[in-house]
Amino acid sequence: MTSEPKNKQKNQPMIELKGVSKLYGDNITALQSVSFSIVPGELVSVVGRSGAGKSTIVRLLLAEEKVSRGSISVGGWDITNVSRRDVPQLRRQIGTVFQDFKLLPKKTIFENVAFALEVSGEASKIIREVVPQVLQLVGLGNRLHQYPAQLSGGEQQRASIARSLIHRPKLLLADEPTGNLDSINTAEIIDLLKKINDLGTTVVLVTHNRDVVNTLRKRVITLDKGTIISDQAVGRYVL
Amino acid sequence: MIAATHRVLRFALQSMWRNLWLTIATGATIALTVFSLSSLLAIHVGIAQVVRSVESQLDLTLTLYPTVTESQANTLVVAINGLPNVKKVTYVSKEQVLEEQKQSGDAEVLRSLEAIGENPFGASLIVEATDSKAYLAIIDELKKEQYSALIEGQEKHFEENKNFLQNFSNFADKVRYAALAVTAVFALISALMVFNAVRVAIYTQREEITVMRLVGATSSFIRGPYLAELFIYSVTSVIIGGALFMGLLYAGQPYLSTYFGQENVNLLGYFQDNALLIFGAQFVGLMLLSMVSASLAVQRYLSV
């Protein structure tokens with residue numbers, strides 16, 4: 001992590017959810033007393049059917065929403081009641097990859113990746129040096145000045161991964177990163193995520209892709225109807 | 001600070017260039033608003049100038065009794081000059097009145113004057129007031145007893161004058177209020193057009209705002225380029241809209257002068273004299289309005 005929040009606690013798991021529930025209105029329960037922790041350097045798949053609560057966990061970790069009950073911490077920072085003012089700082093410390101890539105369509109690939117550094121006030125000189133390096137790392141070294149619409153889905157997702165890595169985060173959240181990709185691009189993206197994990201970044205992969213989970217042979221947390229039904233150190237897709 | 005400002009300006013200009021059609025549509029709407037507001041102001045000022053011109057042509061002629069001496073008339077002139085809202089009092093002597101009657105060439109008048117053999121006319125005072133309403137107060141003042149021995153035909157003529165002036169004054173007020181109301185309504189519509197144009201411009205970029213938020217941009221970092229864009233829109237719209245309006249006014253003023261008279265309706269002169277104030281106020285108003293609209297519009301999409 002690049003900065004130390006005031007209420008950050010030392011020697012904590014990278015992610016810790018304690019008895020987290022998320023209710024929408026009186027009738028809809030997205031998560032029910034969910035507890036788990038993820039240590040630094042792990043690659044964990046969070047799986048489950050649509051509506052199981054996977055994306056709710058991502059939204060809670062990004063402070064898009066707040067928990068109804070329980071507590072949640074990221075990198076030792078208790079974000080249960082994080083203020084809106086601190087939300088940008090939290091997000092700059094988490095790399096995030098989305099199913100729909102969420103690239104800015106009117107910015108080039110270079111500018112999209114650079115934007116993530118510009119928001120934190122990084123110097124232009126450093127941005128000009130670092131961005132091409134990271135894009136080279138994800139295989140887009142020759143596509144710097146193209147717009148997202150000019151790239152294939154796999155390339156757009158790699159650009160999105162480059163943007164998520166540009167801060168050198170210790171945590172990468174990938175929310176259905178292969179949901180819009182064919183099998184070849186899916187394999188490439190998963191390889192890339194494994195490499196990132198091998199370099200020490202904690203990776204949380206939210207997916208319902210059975211093949212991806214089964215080939216990874218890493219920890220799998222399975223959700224169903226808002227509760228954890230299994231948490232296996234070397235798991236398979238059990239639903 | 002300099003780097004941040006440079007970044008905000010770069011984002012703003014880049015966004016305007018890369019969303020060129022949106023930029024043109026938004027800019028044209030705002031420029032049209034400037035043009036419309038200026039036109040409304042021109043109509044308002046034009047009507048006021050016409051009404052003022054008609055008012056300036058009104059006067060009140062007081063006919064004095066033939067027995068009133070020049071000294072008494074001068075005392076009366078001083079007294080009337082002392083009344084509020086009196087712009088000018090012109091003394092016309094008995095001899096001048098007689099001469100005017102002779103010059104009129106009316107055969108019956110000339111025959112009557114010959115028959116009488118002496119000057120039957122009294123002197124006159126021509127009173128000019130600052131506006132039509134002021135005449136009513138002057139008439140009320142002159143109806144007082146101390147003037148009754150000096151001014152002839154007070155009851156009849158004063159009542160006739162008063163009725164005319166009252167009617168004219170009411171008409172002038174109605175014209176002014178109507179012009180003001182129309183201006184206010186159209187100004188409100190113009191404001192809504194700007195408000196909506198800014199909201200639409202930001203609505204089309206709502207997903208980008210969400211993405212910016214998700215990669216850690218602060219609200220102020222996201223708002224900055226939009227505010228810079230609005231500043232650029234406001235400046236260019238005031239310049240373009242103002243230039244179009246002034247061009248049209250420049251071309252139209254000769255026709256106005258021909259119809260109403262240069263000294264009566266001079267819109268070009270008014271706008272040239274007050275250009276800085278008028279277009280400066282429009283710029284400030286546009287900036288404030290678009291900042292409020294942008295803040296409200298962006299705020300909706302910052303909630304992620």
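Residues numbered from 1 in each chain as written. Chains lettered and ligands numbered in written order. Predicted model: local features only at pLDDT ≥ 70, side-chain atom pairs only at ≥ 80, totals over all residues.

Caption draft 1: Looking closely at the overall build of chain B. Secondary structure assignment for chain B yields 12 helices and three strands. Rg of the C-alpha trace for chain B: 31 Å, well past the compact-globule value of 19 Å for 304 residues, more than 25% over. In terms of principal-axis extent, the alpha carbons of chain B reach across some 105 × 40 × 30 Å. Taking all 304 residues of chain B together, 25% fall into the buried category. In chain B, the share of contacts with a sequence separation of at least 24, taken over all contacts with a separation of at least 6, comes to 86%. (Helix = DSSP H or I, 4+ residues; strand = E, 2+ residues; numbered from the N terminus. Rg over C-alpha atoms; globule rule 2.2 N^0.38 Å. Buried ≥ 20, exposed ≤ 12 C-beta atoms within 10 Å, placed from the backbone. Contact = placed C-beta atoms within 7 Å.)

Caption draft 2: Inspection of the confidence of the model for chain B at higher detail. All names here are of chain B. Chain-level pLDDT for chain B is 84 on average; 97% of the residues reach the 70-or-more range. By mean pLDDT, helix α8 (residues 154-203) is the weakest element of chain B at 78, and helix α11 (residues 267-273) is the strongest at 92. Interface confidence for the predicted complex, given as ipTM, is 0.79, next to a pTM of 0.70. (pLDDT = per-residue confidence, 0-100.)

Caption draft 3: Spotlight on the interface of chain A and chain B. Taken residue by residue, the interface counts 17 residues in chain A and 15 residues in chain B. Only α2 (87-92) and α3 (109-118) of chain A provide two or more residues apiece to the side of chain A that touches chain B.

Caption draft 4: Just the environment of A:S152, in detail. You can see A:S152 is positioned in the loop between α4 (124-137) and α5 (153-165). Measuring from C-alpha to C-alpha, the distance between A:S152 and A:L181 comes to 9.4 Å, with 29 residues separating the pair along the chain.

Caption draft 5: Here's a closer look at the packing of α3(A) against α5(A). Residue and element names in this part refer to chain A. Direction vectors running N to C along α3 and α5 enclose 25°, while the axes themselves pass 8 Å from each other. Judged by the angle between their axes, α3 and α5 are roughly parallel. In the crossing of α3 with α5, the sense of the turn from one axis to the other is right-handed. Contacts between α3 and α5 involve I109, N112, V113 and A116 from the first element and A159, A162 and R163 from the second. Of the residues contributing to the contact of α3 with α5, the split by class is five nonpolar, one polar and one charged. (Axes fitted to C-alpha atoms, helices over the stretch in contact; angles between N-to-C directions. Parallel < 35°, antiparallel > 145°, perpendicular 65-115°, else oblique. Left-handed = near helix turned anticlockwise from the far one by under 90°. Nonpolar A, V, L, I, M, F, W, Y, C, P; charged D, E, K, R; others polar.)

Caption draft 6: Summary view of the sheet that holds strand β8 (residues 202-207) of chain A. Residues and elements named next belong to chain A. If you trace the six strands from one edge of the open sheet to the other, you get β6-β7-β8-β3-β9-β10, paired in mixed fashion. Each of the sheet's edge strands pairs with one partner strand only, and the pair in question is β6 (94-98) and β10 (227-232). Each strand axis lies, on average, 15° off the axis of its neighbour in the sheet, ignoring direction. (Pairing = 2+ DSSP bridges.)

Caption draft 7: Structural detail: the confidence of the model for chain A. All names here are of chain A. Of the residues in chain A, 95% have a pLDDT of 70 or more, and the chain-wide mean is 89. Here helix α7 (residues 210-216) stands out as the least confident element of chain A, with mean pLDDT 88; strand β1 (residues 15-24) is the most confident, with 95. Ignoring residues within four places in sequence, the model shows residues 1-10, a span with pLDDT below 50, making 16 contacts including any to other chains.

Caption draft 8: Highlighting unusual backbone geometry. Residues and elements named next belong to chain A. In this model, F101 sits at a positive phi of 65°, which is unusual for a non-glycine residue. Along the chain, the position of F101 falls in the loop between β6 and α3. Unlike most non-glycine residues, K225 shows phi in positive territory, near 50°. Residue position: K225 is located in the loop between β9 (219-224) and β10.

Caption draft 9: Structural context of the nonpolar core. Counting residues in each nonpolar core, the largest one holds 100 residues, and the members touching the most others are A:L61, A:V113, A:A162, A:A174 and A:V204. Leave out the neighbours within four places in its chain, and A:L61 touches A:I15, A:V74, A:I94 and A:L173. The next biggest cluster of nonpolar side chains, apart from the first, holds 18 residues, and it includes B:A73, B:V89, B:V127 and B:I138. (Core = buried A, V, L, I, M, F, W, Y, C linked by C-beta atoms within 7 Å.)

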